[in-house]
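In case you want the letters, here they are:
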Amino acid sequence: MALFERDYDIYRERDALREDYQPDELVGRDEELRTYKAALQPVINGEQPNNVFLYGKTGVGKTAATRYLLGHLREDAAKYDDISLSIQFLNCDGLTSSYQVATHLVNEFRSEHDQISTTGYPLATVYDMLWEELDDYGGTVLIVLDEIDNIEDDSILYQLPRARANGKLDDTQVGIIGISNDFSFRDDLSPKVKSSLCENEIHFPAYDAEDLKAILRQRADVAFYEDVLEPGVIPLCAAYGAKDAGDARQSIDLLMKAGDIARDAESETITEDHVEEGRTALERGRIEEGIRGLTEHGHLVLYSLVTNEIEGETPIRSRDIRPRYTRFARLAERDPLVPRRMRDHLSELTMLGIVSVTERNEGRRGGTYREYELDLPVEQVLSALSETVQLVGVHESVVDMADVDLAASS
DNA sequence: CGTCCACAGGAACGCTGGGACG
DNA sequence: CGTCCCAGCGTTCCTGTGGACG
């Protein structure tokens, strides 16, 4: 018998579940791919490329379809001598302005030791740098702007398609592919941008549970050895995905998490229990990440809500949260924010899914207001807070309070 | 049926801090 | 240095709004 033996592993190829994995075939997106392909056809014909706008919720295959088609396009374009094609992919996550997009694009085009700072230059200078880089390429350049809805002004979306017409570019034709999670982004565009960017629109609908099952099977076949998955696992992952948003990414992540948990437990199969466990773990991670991104005042507001929750005072309107909040702010030696700003923090918590809100209206007597309450167990929020936040005095006093009250109520 | 409550949330602006550049 | 740029976080001021009251 061998002294060393590889650990038993349920994974054949775990990478097949990772975000960057590119499957050979895209499941359930035939229609969209056909339209998309037609929109890209001019590139092969050596014509001015179309601008394309893709929209649909997260995890419905927009980015995957783009990677898939552009991969083929690149390959096929190479067969024709008279076509020079470059593709630039930029994820706009965290980029809020045309300015930032422009600087990042310049950096994408430039070599590593020639990068520019993302602040400091006048906007016009950055654009000039961008035109220069673009014109050096010649031929056709396709620029993919993923998560384009992060950009809050459309100046660059106006400039890019018109650069050639405005005499900024001589040798290069530019096509933009915009990908958005948010349909209303399209409506907020100025008409002139909309008409050029949205000349080809492709809508990606959410996946239903059946689509998700097919996708999960496809990935699971590569990722796991045979008979590792218990029969209920894929339907369960698919059901969660379909319930939330028809999001394939989320379902696949869940499957992977369940797999990791099963592997850690040295289980030979993945069970539905592993999926449930995975779901809690992912949820937890999501919350911690959300909380980490908040400012100090965001944390103080959350603490205030938590304590009110402990005391059974929720749902609670913002003005009733305020006294507690001001006290905590003093305790942490910070100036309390004005009510308007406090409400902003509350709505931020709502968007993170930590807090839920109900709108109430008492008419002339009481007017319209919102009532907030914690959408998660107090302990979960507190432990996430303690992982990520250091606010002198506040955390301790809240935890004390939680202990006392939790003990009293049990 | 118009009024009006009390807040929602948009708009405008100020301040701080970081970088580029002459 | 001072002068441009930018982002992020905050304040101030304001208009919008659904439904109970008179």
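Residues numbered from 1 in each chain as written. Chains lettered and ligands numbered in written order. Predicted model: local features only at pLDDT ≥ 70, side-chain atom pairs only at ≥ 80, totals over all residues. Heavy atoms only, no water.

An unreviewed UniProt entry lists chain A under the name ORC1-type DNA replication protein, from Halospeciosus flavus. According to the UniProt record, the Sequence similarities (unreviewed entry) comment for chain A reads "Belongs to the CDC6/cdc18 family." For the record of chain A, the UniProt heading Function (unreviewed entry) holds the text "Involved in regulation of DNA replication." (UniProt positions renumbered as here; feature names shortened; annotations may be inferred.)

Ranked by internal contacts, the top residues of the largest apolar core, which has 52 residues, are Tyr36, Leu142, Ile177 and Phe224. Top element by residues in this core is helix H10 (residues 248–264). It accounts for 7 residues. Residue contributions to this core reach at least three from each of two domains, namely domain 1 (30–203) and domain 2 (207–287). Tyr127, Ile151, Leu157 and Phe185 belong to the second largest nonpolar core, which has 35 residues in total. (Core = buried A, V, L, I, M, F, W, Y, C linked by side-chain atoms within 4.5 Å. Buried < 20%, exposed > 50% of the residue type's maximum accessible area, 1.4 Å probe, protein only. Helix = DSSP H or I, 4+ residues; strand = E, 2+ residues; numbered from the N terminus. Domains from an automatic or database assignment.)

This part covers the packing of helix H11 (residues 272–292) against helix H16 (residues 378–388). Direction vectors running N to C along H11 and H16 enclose 50°, while the axes themselves pass 9 Å from each other. Considered as vectors, H11 and H16 are oriented oblique to each other. Viewed along their axes, H11 and H16 form a crossing whose handedness is right-handed. Residues Glu283, Arg284, Ile287, Glu288, Ile291 and Arg292 of H11 form the contact with H16, whose participating residues are Gln380, Val381, Ser383, Ala384, Leu385, Glu387 and Thr388. (Axes fitted to C-alpha atoms, helices over the stretch in contact; angles between N-to-C directions. Parallel < 35°, antiparallel > 145°, perpendicular 65-115°, else oblique. Left-handed = near helix turned anticlockwise from the far one by under 90°. Contact = heavy atoms within 4.5 Å.)

Let us now look at the domain arrangement of chain A. Accessible area lost during the coming together of the parts is what is often quoted as the interface size. Once the domains are mapped, chain A shows domain 1 (30–203), domain 2 (207–287) and domain 3 (293–409). On a C-alpha basis, the centres of domain 1 and domain 3 stand 42 Å from each other.

This part covers the pairing of strand E2 (residues 85–91). Summarising burial for E2: 5 of the 7 residues are buried, a large majority. Pairing of E2 with strand E3 (residues 139–146) involves 7 bridges; the strand directions are parallel. Note that in E3 the partner of Phe89 across the bridge is Val144. (Pairing = 2+ DSSP bridges.)

Let's shift gears to the sheet that holds strand E6 (residues 316–317). Read from one edge to the other, the open sheet built from 3 strands follows the order E6-E8-E7, with strand pairing classed as antiparallel. Looking at strand neighbours, the two that pair on one side only are E6 and strand E7 (355–361), the edges of this open sheet. Bridge count for E6 against strand E8 (residues 368–374) is 2 bridges, and the pairing is antiparallel. Directly across from Arg317, in E8, lies its bridge partner Glu371. Running over the sheet, helix H12 (residues 296–310) touches E6, E7 and E8 and is turned about 80° from E8.

Near DNA strand C there are 20 residues, and of these Ser97, Arg341, Asn361, Arg364 and Arg365 occur at the shortest range. For DNA strand C, a phosphate oxygen lies 2.3 Å from a polar atom in the side chain of Ser97. Within the backbone of Val338, a nitrogen or oxygen atom sits 3.2 Å from a phosphate oxygen of DNA strand C. Going through the elements one at a time, helix H3 (98–109), helix H14 (339–351) and helix H15 (363–366) are the ones with two or more residues in the surface near DNA strand C. Split by residue class, the surface near DNA strand C holds 4 nonpolar, 11 polar and 5 charged. (Near = heavy atom within 4 Å. Polar contact = N/O pair within 3.5 Å; in protein donor to acceptor, adjacent residues only side chain to side chain. Nonpolar A, V, L, I, M, F, W, Y, C, P; charged D, E, K, R; others polar.)

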